[in-house]
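Given next are the chains, with one letter for each unit.
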There are 2 protein chains.
Amino acid sequence: MTRIDDVARLAGVSTATVSRALRGLPTVSASTRDRVLLAAAELGYTVSPSASRLAGGRTGTIGVVVPWITRWFFSTVVEAAESTLHLAGYDLLLYTLGGREHVRKRLFRTADLHKRVDAVMLVATNVQAADFATITRRAIPGVTVSSGTVVPGWPGIRIDDVAAARTAVAHLLSLGHRRVAHISGSPTAELTHTAHVDRRQGYRQELLAAGVTPDPRLDVNDEFTISGGTRATEELLRRGNIPTAIFAACDEMAMGAMSALRLAGLRVPQDVSVIGIDDHALAAVVGLTTVAQPAAEQGRLAATVLLDQLCGQSDESLFTAPLILPTRLVVRESTGPPRGKLEPDRLTTTEAG
Amino acid sequence: MTRIDDVARLAGVSTATVSRALRGLPTVSASTRDRVLLAAAELGYTVSPSASRLAGGRTGTIGVVVPWITRWFFSTVVEAAESTLHLAGYDLLLYTLGGREHVRKRLFRTADLHKRVDAVMLVATNVQAADFATITRRAIPGVTVSSGTVVPGWPGIRIDDVAAARTAVAHLLSLGHRRVAHISGSPTAELTHTAHVDRRQGYRQELLAAGVTPDPRLDVNDEFTISGGTRATEELLRRGNIPTAIFAACDEMAMGAMSALRLAGLRVPQDVSVIGIDDHALAAVVGLTTVAQPAAEQGRLAATVLLDQLCGQSDESLFTAPLILPTRLVVRESTGPPRGKLEPDRLTTTEAG
DNA sequence: CTGAAAGCGCTTACAG
DNA sequence: CTGAAAGCGCTTACAG
């Protein structure tokens, strides 16, 4: 394998000059730079990352931490972040926690992560107060996406989960629904993020504002997945006193709900309306009404903010408050007025009617 | 930051012994090992990856290359591979090509990748003959998942795409369909992988075996995505002479097809049957009949095979032929007999009938 | 603008 | 089983 000395010899300069020329430092004359680049190209030389890291102290790598990668929001964020980071010449080290709390702990409590990456992007991954110390002491730059906690010194990119939930519930209320159920992530299964906490709060706030007392029997927890939505909905049906509408905390749960309702012989939206949050790629296919959030944009922005920090040219306002991206209601076919409002008798609502 | 000398001093041994003890080499006495581990724990010492890599020549990192991460198959493979690799102490460097052919080229043609990772996992990423030389010369271990080409010296994990397609088409034929359309990836949009080539071949083979001549007007290319499936189906409808069944090369395209058909006022399966390949997490939700392939298992197996190679204890049979995992037909609600077979008159097929 | 030299923090023959 | 020493391949003050 060719090394920097080979290039230096061929170009007739020192290794220090090769190093400078290859990295585009301004302290190299144009003619020298050209000679070095030519020599490097001729030898097919690329710098050894290990040596460069050890000597230079920079890894050229960003660590991206996600709870999962198979869920729509996370994969979309990562894909957008990845292309931005690679374009800037950074590598992406992927950590999927997968509910393994000990992995998260090890990541933050030891110097491990810090020695592998120049900066960290935490997606829907909460950091506990005990971790702040580690992060701050090592002064590692970072950014959070869709995170419940604010990490001191790290910008945050997110949507307003409370407001998004209120928008969803307001839509159902405006259609005339009063028995509105909520299915959301469970505190134990979603340890790493807190979107479900905020969304539940928004659900309750909006109901209360409309004079509706939240009914705990209409509030079920499960995983933020399709099957989680299915199970939660089955539980709702099992409890009896079926709601006229279900607000699912994410589109994947909403789709699971639609599936469970259909299996139970209930029609969406004639018997039960369903709304989610996300605007998943499949939401349009299944006609799901939802509150859209810009996932790719959050990934792209987070990567950009991180790169700016590494260049030392961050917008200071980012450090004072999280950057909140807008959400918007997308009405499709899964929501409509409650049955009683239009057709009091189930029999008159068949397709033949 | 504490270094290896700090640990050595505290434990009263040389840095060489610390290095050996920490890596669990057998040439260290139990009592010495304990003393070293205790000292390391007390100082909160973790090895510097950069230094370790430079000195040892190993990176402890696996490069995983995927065309996209937002598609079901790829995210499922990566998530399974990730947990297996991290469990074994390896980091995962993610490269998402995103249709950027130049990224793939740079990755293989230069020594770049080789200097960052110990081994490579290529998911649905083809390698051209010109790349073989680079890979072989550098003798970097690797494994391919769902790859069309066989890389000399690398095991391959995959399904039999031709057979999977034939299973799908055979199901449609057995229901009585003769006008069977195919929607699949386009040669230009899916440069990196070749599943669409094999699946198209299986489609044609099965039709021909049944005495049906493939009609090029029923064969449309687009992206392996939901919207690709939607566009391809719209194109089919635009061409007129609507098929009684559509075989989509993947579930995402199939779901796009279902969506386009519904929008056009056609019912699935009464007017048009739809079948895919994958068994996407949402297939059950939308009632999609499909040929299931084990995505997570392919990721897990590929990671295991790679780790075995790095330990030098690979099963030799893996290098002689790709490991083919089984697929199986999962019949749901999106396929049924063609209309003519049961109900010759469209009017008699309404729900009221 | 350029070079000589130290140093980044480990691992690995080699010798014992 | 253990240690002294070389070396991995760069980058970075420092000096000029």
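What this report covers is the structure whose coordinates are included nearby. Note that the structure is predicted; figures quoted are calculated from it, not measured. (Residues numbered from 1 in each chain as written. Chains lettered and ligands numbered in written order. Predicted model: local features only at pLDDT ≥ 70, side-chain atom pairs only at ≥ 80, totals over all residues. Heavy atoms only, no water.)

## As for the sheet that holds strand β12 (residues 328-330) of chain B
Residue and element names in this part refer to chain B.
Here's step 1: Here we have 6 strands laid out as an open sheet, ordered β7-β6-β8-β9-β10-β12, and mixed in their pairing. The sheet is open, and its two edges are formed by β7 (219-222) and β12, each paired on a single side. Within this sheet the neighbouring strands show an average axis-to-axis angle of 20°, counted without direction.
Here's step 2: For strand β6 (residues 180-185) and strand β8 (residues 245-248), the ladder comprises 4 bridges, and the chain directions are parallel. Bridge assignment links Val180 to a residue of β8, and that residue is Ala245.
Here's step 3: Of the strands in this sheet, β6, β7, β8 and β9 (273-278) touch helix α10 (residues 195-209), which is tilted by about 165° from β6. (Pairing = 2+ DSSP bridges. Helix = DSSP H or I, 4+ residues; strand = E, 2+ residues; numbered from the N terminus. Axes fitted to C-alpha atoms, helices over the stretch in contact; angles between N-to-C directions. Contact = heavy atoms within 4.5 Å.)

## Details of the protein's contact with DNA strand D
Here's step 1: As a structural note, the neighbourhood of DNA strand D is formed by 26 residues, with Ile4 and Ser19 of chain A together with Thr17, Arg20 and Thr32 of chain B the closest of them.
Here's step 2: Atoms of DNA strand D within 4 Å of the protein belong to the sugar or the phosphate in 74% of instances, the rest to bases.
Here's step 3: Within the side chain of Arg23 of chain A, an N or O atom sits 2.9 Å from a phosphate oxygen of DNA strand D.
Here's step 4: Contact between DNA strand D and Ala51 of chain A: a base nitrogen at 3.5 Å from a main-chain N or O atom of the residue.
Here's step 5: Of all the elements in the fold, those that place two or more residues in the surface near DNA strand D are α2 (15-22) and α4 (49-56) of chain A together with α2 (15-22) and α4 (49-56) of chain B.
Here's step 6: The element contributing the most residues to the surface near DNA strand D is α4 of chain A, with 4 residues.
Here's step 7: The class makeup of the residues in the surface near DNA strand D is 12 nonpolar, 9 polar and 5 charged. (Near = heavy atom within 4 Å. Polar contact = N/O pair within 3.5 Å; in protein donor to acceptor, adjacent residues only side chain to side chain. Nonpolar A, V, L, I, M, F, W, Y, C, P; charged D, E, K, R; others polar.)

## Digging into helix α5 (residues 72-87) of chain A
Because each turn of an α-helix spans 3.6 residues, side chains separated by three or four positions end up pointing in the same direction.
Residues and elements named next belong to chain A.
Here's step 1: Compared with an ideal rise of 1.5 Å per residue, which puts 16 residues at 22 Å, α5 spans 23 Å between its outermost C-alpha atoms and is within 8% of the ideal.
Here's step 2: Burial of α5 is extensive: 14 of the 16 residues sit out of reach of the surface.
Here's step 3: Within two residues after α5, Gly89 carries a phi angle of roughly 90°, on the positive side. (Expected span 1.5 Å × (residues − 1). Buried < 20%, exposed > 50% of the residue type's maximum accessible area, 1.4 Å probe, protein only.)

## Observations regarding the protein's contact with DNA strand C
Here's step 1: Around DNA strand C lies a shell of 26 residues, among which Thr17, Arg20 and Thr32 of chain A together with Ile4 and Ser19 of chain B are the nearest.
Here's step 2: Taking all atoms of DNA strand C within 4 Å of the protein, the share assigned to sugar and phosphate is 74%.
Here's step 3: In this structure, Thr32 of chain A approaches DNA strand C through a side-chain N or O atom, which is 2.2 Å from a phosphate oxygen.
Here's step 4: In this structure, a base oxygen belonging to DNA strand C sits 3.4 Å away from a main-chain N or O atom of Ala55 of chain A.
Here's step 5: The element that contributes the greatest number of residues to the surface near DNA strand C is α4 of chain B, accounting for 4 residues.
Here's step 6: For the surface near DNA strand C, the per-class residue count stands at 12 nonpolar, 9 polar and 5 charged.

## Observations regarding the packing of helix α1 (residues 4-11) of chain B against helix α3 (residues 30-43) of chain B
All names here are of chain B.
Here's step 1: Where α1 meets α3, the axes come as close as 9 Å, and the angle between the chain directions of the two elements is 125°. When the axes of α1 and α3 are compared, the pair comes out oblique. Remark: the crossing between α1 and α3 carries right-handed chirality. Judged by residue contacts, Asp6, Val7, Leu10 and Ala11 of α1 engage Arg35, Val36, Ala39, Ala40, Glu42 and Leu43 from α3.
Here's step 2: Looking at side-chain class alone, the contact of α1 with α3 contains 7 nonpolar, no polar and 3 charged residues. (Parallel < 35°, antiparallel > 145°, perpendicular 65-115°, else oblique. Left-handed = near helix turned anticlockwise from the far one by under 90°.)

## Examining the packing of aromatic side chains
Residue and element names in this part refer to chain A.
Here's step 1: As enumerated under the stated definition, the model contains 6 aromatic pairs over all chains in all.
Here's step 2: When the ring of Trp72 is compared with that of Phe73, the centres are 6.5 Å apart and the planes differ by 50°; the resulting orientation is tilted.
Here's step 3: Here the aromatic residues Trp72, Phe73 and Phe74 are joined through ring pairs into a cluster of three or more. (Phe/Tyr/Trp six-rings, centres within 6.5 Å; stacked < 30°, edge-to-face > 60°.)

## With respect to the interface of chain B and chain A
Here's step 1: The partner chain A presents 45 residues to the 45 residues of chain B that form the contact.
Here's step 2: Across the chain B to chain A interface the summed buried area is about 4,100 Å²; carbon plus sulfur atoms make up 62%.
Here's step 3: Where chain B touches chain A, the interface holds 2 salt bridges.
Here's step 4: One salt bridge connects Arg116 of chain B with Asp91 of chain A, and the closest N-O pair in it is separated by 2.9 Å.
Here's step 5: Counting across the interface, chain B meets chain A through 14 residue pairs in polar contact (both at pLDDT 80 or more).
Here's step 6: Counting residues per element, the ones that place at least two in the side of chain B that touches chain A are α4, α5 (72-87), β2 (91-96), α7 (112-116), α12 (251-263) and α13 (283-286) of chain B. (Buried area = accessible area lost by both parts, 1.4 Å probe. Salt bridge = Lys/Arg side-chain N within 4 Å of Asp/Glu carboxyl O.)

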